[in-house]
Amino acid sequence: MIKQRLEWFVETNNLLSNSQYGFRKGKSSLDSLGILTTDIRIALLRKEHLVGVFLNIESAYDNVSLPLLRSKLNQLSIPVKLSRFICNMLMERSITIKGPSSYLPPKSVWKGLPQGSVLSPLLYNLYTHDLNSTVTPFCQILQYADDIVLYSSDKSIQDSSNHLNNALDYLSEYLTQHGLSLSTSKSKVVLFTNKRILPPIKIKIYDVDLPIVNNVKFLGIWLDHKLSGVKHFDYVSQKCEKNINILRSLSGVWWGAHPVTQKLLYNAIIRTHLDYGTMFLIPANKAGLNKLDRIQAKCLRLVLGAMKSSPINAMQVECVDPPLSLRRQFLANKFFFKLAGCRAHPLLQKSEQLAVLYNDNNIVPEDKRPCVINSYLLFSQLSNPLFQYSKLPLFSMPFNALTFQPSVILDLGVDKFSIEANKTFSHIMDSDFRHWYKIYADASKTDMSPVGAAVWIPSTRIILSYSCPPTTSVFTGESIAILEAILFVKSHNMNNSIILSDSKSCLQSILSNPFKTKSQFPIILKIRETLKECYELKINIVLAWIPGHMGISGNENADACARSAAHSGSFQYSEIFTHDLCSTLKPKMYESWSNIWQVSKTLKGKFYGELQPEIPQKPWFSKCRIHNKTIISTICRLRLNHACTPVFLAKLRIRDHSLCDCGLDEGNMDHLFFSCPLMRSSLHNYIPAEVPRPTSVKCLLSLVYTPFVNILCKYIKINKIKLYY
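Here the structure is a predicted model, which means the values were calculated and not measured.

Student: How do you make sense of the overall build of the protein chain when you look at a structure like this?
Tutor: Looking only at helices and strands, one finds 27 helices and 17 strands in the protein chain. Here the C-alpha coordinates of the protein chain stretch approximately 90 × 80 × 70 Å along the principal axes. Residues classed as buried in the protein chain amount to 54% of the 725 residues present. Taking contacts inside the protein chain between residues at least 6 apart in sequence as the whole, the part at least 24 apart equals 72%. Element-wise, carbon and sulfur atoms account for 53% of the exposed surface of the protein chain, whose accessible area totals about 33,800 Å². Taken as two groups, the 82 positive and 54 negative side-chain charges of the protein chain have centres that lie 6 Å from each other.

Given below as structure tokens:
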């Protein structure tokens, strides 16, 4: 409770340094990594050298001086009651140390912030809010809690070193005054340059020369002096190998966890390592990237129970796991569009500088450019302007609007599937809201046409209509319609108004706690603020959900108005919101993947390409939870055309001949499933009548997204088919 109030006050009044990205809403370690790597690339393209000093404050939380913290809180005009409460909570704490057989007497603690407290990161940020001012005249600084990096770029390495030494002198003095100190053992210097032989430089802290290294770990990413990514890819490979053993221990080819469970586990403990920060290292060493691709292929083989010879492009489609190169660009686009919502974010300007430098040097193909540049170019080509803010929308709202609980009814008593929904709704309106103003809000979207949002007021026959860009979601359109309805009620002082919408997700967002929801949608926050203003003006407004497309006349009229508003409505909301823009990125990634698949399936995995010409939305086995790993692995091997049939084993020269064990014919899939006398029965006996004859196993394997897959699974189970060697 205290943290939410203090955080809102601090962020609203811009009390923290812009260089601090640790433990702040709307900021993350990726921001720091993006800024630093972009600055390094800018320096290298300008044929400059960038010297970076990576520092760590020793026992930062434990050495915070509480009297000085109180003084800082007072200087920043933190409300007195809030400041007193925090200081009383922190000062004169007692700790008890437990020994092997006894307790030591309690000891009072007069300094330091408690580890694990939700308040500690925010209080530490306030304690060091002016740290950056000591070094900014000399160099640039990035902070993530107690991790700091100082860097300076110049054509002269000596000038950069002098700037950093001056900055470190002032920084050391500042930290001493605050009871803090730098850890010399954890501090390192990296010279980012294209030179093969690194010139000698001297960077000192407390008269101790810091070691000059070729690579350093910063916020979980290993950065080498040429930004090739080799060290980081080796680090990720070693880390993932340990987690791959978890996949192996939970399931084999014919036993263990279901592929859906394994895929979730792969996403959680392996793909997260492959994803984190690697987008900032592109373009990178090709051999290093191949290591990550091999890890993905190894995991997909474990999930599917496939053979080592199985084509990787086919396994990716079978698991619906895109190539890592496409996923890196998707994550970069998502990250960039989120930060682009803040017009003052430093990475916007730096990305523009980097894009200009790349264009000035030479024309580089898209796959050889940094992911951030591709994201910036995509951002610069938007058909409509992006909605941008100077500070996070959450901190642009009055605090009482954020804590206000609006009147929202999610269950009026109208059954969604009732044929008498309109009659029931009319009865409820007549009995509970007889003399109220009824207002209907709705939105409509068709393919890539503009989105229409409309407000319909039956009593006055007034229609408010708005046209939004094609990338706008229906959720945004519904939110705009509700907001405009509330603004109309407020401007016309329409007391006792009920606004009816068929978007339950929108109403649930209005009800949710803004401090705890991940998405801070500005329209929803504006609705809360306007509802609070109406409450203070004694204007009673109720929001209610009604089922859509159930014959409720007012809702049907609002829907018709929304459809016409898509082309004839006001263009007041012509800006694109970041969450709508981010929702278009996954379809764009799948489109790029589909283009790659159309080409690659003609070169590798031809059999599977004929079975699966398009990329599905989900793996086929996600709907086959009742079947075990043996059955799923068998079908996956058959679909990939890499199963241990006699024909395939002969092709690999594991067997001397391709004849089936029955000795009657070659042991291909059609013989094994339809003609082999070693089977209990033929698959023909299980095929339903609607499947056209003659048929083949290849044709049947293309039907895994239909109910026929259950028949195929049943046949494999009855005959105990295991295509292993």
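Now that the structure is up, let's keep going.
Student: Would you mind showing me how to read the environment of I499 here?
Tutor: Along the polypeptide, I499 turns up in strand 16 (residues 497-501). Spatially, the C-alpha atoms of I499 and I457 are 9.5 Å apart, while their sequence positions differ by 42 residues.

Student: In this structure, what is going on with the packing of helix 1 (residues 2-12) against helix 5 (residues 120-127)? I would like to understand it.
Tutor: Viewed as axis vectors pointing N to C, helix 1 and helix 5 meet at an angle of 30°, and their least axial separation amounts to 10 Å. Between helix 1 and helix 5, the crossing angle belongs to the class labelled roughly parallel. Crossing of helix 1 against helix 5: the hand is left-handed. Contacts from K3, L6, E7 and V10 in helix 1 reach L122, L123 and L126 in helix 5.

Student: Any chance you could explain helix 27 (residues 708-718) here in plain terms?
Tutor: One full turn of an α-helix is made of 3.6 residues, so residues set three or four places apart face in the same direction. Buried residues of helix 27: F708, V709, L712, C713, Y715 and I716, and no others. Burial along helix 27 is one-sided: seen end-on, the buried residues are contained in an arc of 160°.

Student: What exactly am I supposed to notice about the packing of aromatic side chains here?
Tutor: Two measures describe an aromatic ring pair: the distance that separates the ring centres and the angle between the ring planes. Taken as a whole, this structure holds 22 aromatic pairs when the rule is applied. Between F280 and F335 the ring centres are 5.5 Å apart and the planes differ by 85°, which places this aromatic pair in the edge-to-face class. In this pair, F280 sits in the loop between helix 8 (259-275) and helix 9 (286-304) while F335 sits in helix 11 (residues 324-339), placing the two residues 55 residues apart along the sequence. The burial state of F280 is the same as that of F335; both residues are buried.

Student: Would you explain the sheet that holds strand 14 (residues 451-457) in this entry?
Tutor: Sheets are built from strands that pair by backbone hydrogen bonding, the pairs being arranged parallel or antiparallel. In space, the six strands of this open sheet follow the order 12-17-16-13-14-15, with mixed pairing throughout. Looking at the sheet topology across the chains shown, the edges are occupied by strand 12 (408-409) and strand 15 (462-468). Here two bridges tie strand 12 to strand 17 (residues 541-545), and the two strands are oriented parallel to one another. Bridging across to strand 17, I409 finds its partner in A544.

Student: What's the story with the pattern of salt bridges in this structure? I'm lost.
Tutor: Pairing of side chains with opposite charge becomes possible as their charged atoms draw close. All chains considered together, the criterion is met by 15 salt bridges. In this structure, the salt-bridge partner of K3 is E7, at a minimum N-O distance of 3.6 Å. Here K3 and its partner E7 are both found in helix 1, four residues apart, which amounts to about one turn of the helix. Residue class for K3 comes out partly exposed when judged on its relative accessible area of 28%.

Student: Looking at this structure, how should I read a positive patch on the surface?
Tutor: Together, K334, K338, K518 and K586 give the surface a local cluster of positive charge. Here K338 shows up in helix 11. K338 sits in the partly exposed class, given a relative accessible area of 47%.

Student: Quick question: what am I supposed to make of unusual backbone geometry here?
Tutor: Excluding glycine, most residues fall at negative phi; most peptide bonds, likewise, are trans. At the junction of I282 and P283, the peptide bond is cis and its omega measures out at 0° in the coordinates. Phi is positive for F23, which is not a glycine, with a value near 55°. Looking at the secondary structure, you find F23 in the loop between helix 1 and helix 2 (29-45). The class of F23 is partly exposed, set by a relative accessible area of 47%. A positive phi angle, close to 55°, is found at V320, a residue other than glycine. Mapped onto the elements of the fold, V320 is located in the loop between helix 10 (312-319) and helix 11. The class for V320 is buried, based on a relative accessible area of 9%.

About the cut-offs
Residues numbered from 1 in each chain as written. Predicted model: local features only at pLDDT ≥ 70, side-chain atom pairs only at ≥ 80, totals over all residues. Heavy atoms only, no water. Helix = DSSP H or I, 4+ residues; strand = E, 2+ residues; numbered from the N terminus. Buried < 20%, exposed > 50% of the residue type's maximum accessible area, 1.4 Å probe, protein only. Contact = heavy atoms within 4.5 Å. Areas by Shrake-Rupley, 256 points an atom, 1.4 Å probe, with all protein chains shown as cover. Lys, Arg positive; Asp, Glu negative; His and termini not counted. Charge placed at Lys NZ, Arg CZ, Asp CG, Glu CD. Axes fitted to C-alpha atoms, helices over the stretch in contact; angles between N-to-C directions. Parallel < 35°, antiparallel > 145°, perpendicular 65-115°, else oblique. Left-handed = near helix turned anticlockwise from the far one by under 90°. Arc of directions from axis to C-beta. Phe/Tyr/Trp six-rings, centres within 6.5 Å; stacked < 30°, edge-to-face > 60°. Pairing = 2+ DSSP bridges. Salt bridge = Lys/Arg side-chain N within 4 Å of Asp/Glu carboxyl O. Patch = residues over 30% accessible without salt bridge, like charges linked within 9 Å, V, L, I, M, F, W, Y side chains within 5 Å.

Shape is all these values report; function is a separate question.
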